[in-house]
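Commentary on secondary and tertiary structure
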Amino acid sequence: MVDEQSSRVPIDNIRTLLYYLGLAIDERMAQYRRGTPYENVRPSDVRVFVRASRGTYTISDIARELQITRQAAQSSVQRLIKLQVIALKTLPGNKRDKVVMITPKGELASRTARQQVGKLENEFAEMIGSDKLEELRVSLGVMLEQLNITLKQQA
């Protein structure tokens, strides 16, 4: 627990640990991509790609979900189009918004990413044990869900 009487926020507070863990995970995933056509893909592009692969979304939908600007989402989409892992499809009756679609090359990239995430999680399981990793996953899920409920109630 954080000592509220201390004049400094401890370095091992949950927020800081999660932040640096996220950065380390991004770097580890970048290491996995080295030597592949996706070597220079930005973590933000990965998040856009993952969101697009989970359903039918417009660029605006993706921006809202990821809490980024539409311009930032558009930039990621353009980079991903150049890699030929996504394409845009016009919505009937709507000339402005386009749906982001995963291409066959994108499906292959998605399968590769799933394997890489599995590899990373196996590394974590080796570090702390499979049971503790599953407990961590459940605990993080509960905290995220409860925090989101609290935020919605206070909005």
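What you see is a predicted model; the values in this text were computed from it and never measured.

Bringing helix 5 (residues 104–128) into the picture now. In a regular helix each residue adds 1.5 Å, so 25 residues correspond to 36 Å; helix 5 covers 36 Å between its end C-alpha atoms and thus fits that length. Every buried residue of helix 5 is listed here: Gly106, Ala109, Ser110, Gln116, Leu120, Glu123 and Ala125. Those residues of helix 5 that are buried lie in contact with helix 1 (14–33), helix 2 (43–53), strand 3 (94–102) and helix 6 (130–154). Gly129, located one to two residues past helix 5, shows a positive phi value of around 95°.

A cluster of nonpolar side chains, contributed by Ile14, Leu17, Leu18, Leu21, Met127, Ile128, Leu136, Leu140 and Met143, occupies part of the molecular surface with about 820 Å² of accessible area. Elements with a minimum of two residues in the nonpolar patch: helix 1, helix 5 and helix 6. Looking at where Leu140 falls in the secondary structure, it is placed in helix 6. Accessibility expressed as a relative area gives 33% for Leu140, which makes it partly exposed.

Attention now moves to the pattern of salt bridges. Taken as a whole, this structure holds nine salt bridges when the rule is applied. Between Arg137 and Glu134 there is a salt bridge, with its nearest N and O atoms 3.1 Å apart. On the criterion of helical spacing, the pair formed by Arg137 and Glu134 is a turn pair, its members being three residues apart in helix 6. Assessed through its relative accessible area of 38%, Arg137 is described here as partly exposed. Connected via shared salt-bridge partners are Glu121, Glu134 and Arg137.

Time to look at unusual backbone geometry. One non-glycine residue with positive phi stands out, namely Gln67, at about 55°. Counting through the fold element by element, Gln67 comes out in the loop between helix 3 (59–66) and helix 4 (70–82). One non-glycine residue with positive phi stands out, namely Gln84, at about 65°. Relative to the helices and strands, Gln84 is located in the loop between helix 4 and strand 2 (86–91).

What counts and how
- Residues numbered from 1 in each chain as written.
- Predicted model: local features only at pLDDT ≥ 70, side-chain atom pairs only at ≥ 80, totals over all residues.
- Heavy atoms only, no water.
- Helix = DSSP H or I, 4+ residues; strand = E, 2+ residues; numbered from the N terminus.
- Expected span 1.5 Å × (residues − 1).
- Buried < 20%, exposed > 50% of the residue type's maximum accessible area, 1.4 Å probe, protein only.
- Contact = heavy atoms within 4.5 Å.
- Patch = residues over 30% accessible without salt bridge, like charges linked within 9 Å, V, L, I, M, F, W, Y side chains within 5 Å.
- Areas by Shrake-Rupley, 256 points an atom, 1.4 Å probe, with all protein chains shown as cover.
- Salt bridge = Lys/Arg side-chain N within 4 Å of Asp/Glu carboxyl O.

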